[in-house]
Amino acid sequence: MTNATNDRRATTEGIHPPGPRRRVPALDALRMGRDRLAFLTMLRTQYGDIARVPLGAETLYLFSDPELVRDVLVTNHRNFHKGRGLERAKTLLGDGLLTSEGELHLRQRRLAQPAFHRHRVAAYGATMASYAAAHRDRWHAGTTIDAHQEMMALTLAIVGKTLFDADIEDEAAEIGAAITTTFESFNFGFYMPFGALIERLPFPATLRFRKARARLDATIYRLIAERRRSGTDRGDLLSMLLLAQDTEGDGGGMTDLQLRDEAMTIFLAGHETTANALTWTWYLLSQHPDVEARMHAEIDSALGGRLPSVDDLPGLPYTRMVLAESMRLYPPAWIIGRRAVGPFEAGGYTIPARSIVLCCQYTMHRDPRWFPDPERFDPERFTPEQQASRPKFSYFPFGGGPRVCIGEQFAWMEGVILLATIAQRWRLRLVPGHPVATRPIITLRPRYGMRMIVGRRETGDG
Ligand code: HEM
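Rules used in this analysis
Residues numbered from 1 in each chain as written. Predicted model: local features only at pLDDT ≥ 70, side-chain atom pairs only at ≥ 80, totals over all residues. Heavy atoms only, no water. Helix = DSSP H or I, 4+ residues; strand = E, 2+ residues; numbered from the N terminus. Buried < 20%, exposed > 50% of the residue type's maximum accessible area, 1.4 Å probe, protein only. Donors = N, O, S within 2.8 Å, 3.2 Å for Na, K, Ca; no water. Phe/Tyr/Trp six-rings, centres within 6.5 Å; stacked < 30°, edge-to-face > 60°. Lys NZ or Arg CZ within 6 Å of the ring centre and 35° of its normal. Near = heavy atom within 4 Å. Polar contact = N/O pair within 3.5 Å; in protein donor to acceptor, adjacent residues only side chain to side chain. Nonpolar A, V, L, I, M, F, W, Y, C, P; charged D, E, K, R; others polar.

*Asks:* Looking at this structure, how should I read unusual backbone geometry?
*Replies:* With the exception of glycine, most residues fall at negative phi, and the peptide bonds are largely trans. Notably, R354 is not glycine yet its phi reads approximately 75°, a positive angle. Examined against the element boundaries, R354 turns out to sit in the loop between β7 (349-351) and β8 (356-359). The backbone of D373 shows a phi angle near 50°, a positive value even though the residue is not glycine. The exposure class assigned to D373 is partly exposed, which follows from its relative accessible area of 46%.

Listed below in structure tokens is the structure:
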């Protein structure tokens, strides 16, 4: 710790970090619910690296220094639980990887890790390219699509195939609607006092949630039962999870319920995020024809018109930089919340036990200290040299530490392969006048979808 920090601690010991003076009442909490990104950005710009917000019965701390984020996610991670939204998330995801804590999480992570091993994930590359190719073949020049819906359907089909070896694209629209309903009703009451109670009452949103969950459950249990019956290793994620034995721990495997929870978790975590990343990327490319042209040139020279495979990824560095820059401006997972188990020191302040700590990708990724002229879309920020010049946790779309996204390799591979396959044939242009705005529910979605016109490229057709 530096002397400056020590001095600061000596003078500020016991004093709160800066933030709105009065306890933010429920009404303002609702305002935060409506315009969270603006509220959080205001907190960072007005109050600095640690902002304290007494909100209803809780006290929130927004950490905007990459070293503090490292502390929460990595160095001092044992002192943090996932906290608030967890109980509610569990009503959908049970005790899957995303929602379990402590020993149970460690065991499930050990069991699931082999399914995400680099070699295993590489085998999914061919599925990603062939599904993207089949999808692009269904588009027609001059038609209008909702790029968000298209990307959701495509990534859902890919996770269905790689996870369950199942062709669920036919069911995709219905499952997609069930997922949207589940996520939206999650959001309902999230920032209100008594949010957990609201969920137990028969509000229309709660009832819709239960119905959507039952729909998803039925699909997943059917797929698990089919697999248990056939007993074969189909080379997909579900086989890996079914066959997994906890050799480092109790030697056992997963029950049907655990399988259901993990499958549901990967199902949800594994498609909506990537779909959002791709949607925002198509939008940004449509606004930056120079970047788009450079990406097209790279794709054409690396692939010469054939479909991309995993082996082509090293030849597509600019495409990956485009995706990285897009996830900087529009991080699909836009905030990570944790609840402190015990009190801890941060920036010279003592943060009490039970506080809620927020590490917000959206605000960090737009901090001019790390990303000068932050609103500008510029993939050059992600050359290896540029990346090395910034603190690691100035950019953390996949989180960090022991709970880092288990699907990170999967997501990068899927993102680059889908971009390359689709951009080989098409360029997408925003429908004139279509409003573009963010909708931060659990993930960062485009509020009004993304209506785009499909245009054929002159070259590079596969
Ligand atoms: C662009 C795409 C993606 C983004 C931005 C993303 C982001 C994240 C983030 C930030 C976390 C950590 C949450 C926290 O610490 O509270 C996480 C966890 C997780 N992600 Fe992803 N993810 C993506 C794609 C995927 C994919 C493709 C899969 C699976 C196929 C996946 C499965 C998971 C799981 C299971 C966890 C929980 C890990 C644990 O707690 O041990 N994600 N993701």
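*Asks:* What exactly am I supposed to notice about the coordination of the iron atom of the ligand here?
*Replies:* Six octahedral donors around a metal ideally subtend angles of 90 or 180 degrees, whereas four tetrahedral donors ideally subtend 109.5 degrees. Just one protein atom coordinates the iron atom of the ligand, and that atom is C405 (SG), at 2.3 Å. Here C405 lies in the loop between α19 (384-388) and α20 (408-425).

*Asks:* Please clarify how the packing of aromatic side chains should be interpreted in this entry.
*Replies:* The geometry of an aromatic ring pair is captured by the separation of the ring centres together with the interplanar angle, meaning the angle of the planes. Counted by the stated rule, this structure contains eight aromatic pairs. Considering the side-chain rings of F393 and F396, the 6.3 Å spacing of their centres and the 55° angle between planes classify their relative orientation as tilted. Given a relative accessible area of 3%, F393 falls into the buried group. Given a relative accessible area of 2%, F396 falls into the buried group. Between F398 and W412, the ring centres sit 5.7 Å apart and the planes meet at 50°, which makes this aromatic pair tilted. Pair noted here: F398 is in the loop between α19 and α20 and W412 is in helix α20, with a separation of 14 residues, a long-range link. Each member of the pair, F398 as well as W412, carries the same accessibility label: buried. Taking NZ or CZ as reference, R320 lies 4.2 Å from the ring centre of W412, over its face.

*Asks:* Looking at this model, I keep getting lost on the site of the ligand. Mind explaining?
*Replies:* Neighbouring residues of the ligand: 28 residues in total, closest H105, R109, R338, R403 and C405. In this structure, R109 approaches the ligand through a side-chain N or O atom, which is 2.7 Å from an oxygen atom. The set of elements that each furnish at least two residues to the shell around the ligand consists of α6 (102-112), α14 (256-269), α15 (272-287), β5 (336-340) and α20. By residue number, the principal contributor to the shell around the ligand is α14, which donates three residues. Of the residues assigned to the shell around the ligand, the class counts are 16 nonpolar, eight polar and four charged.

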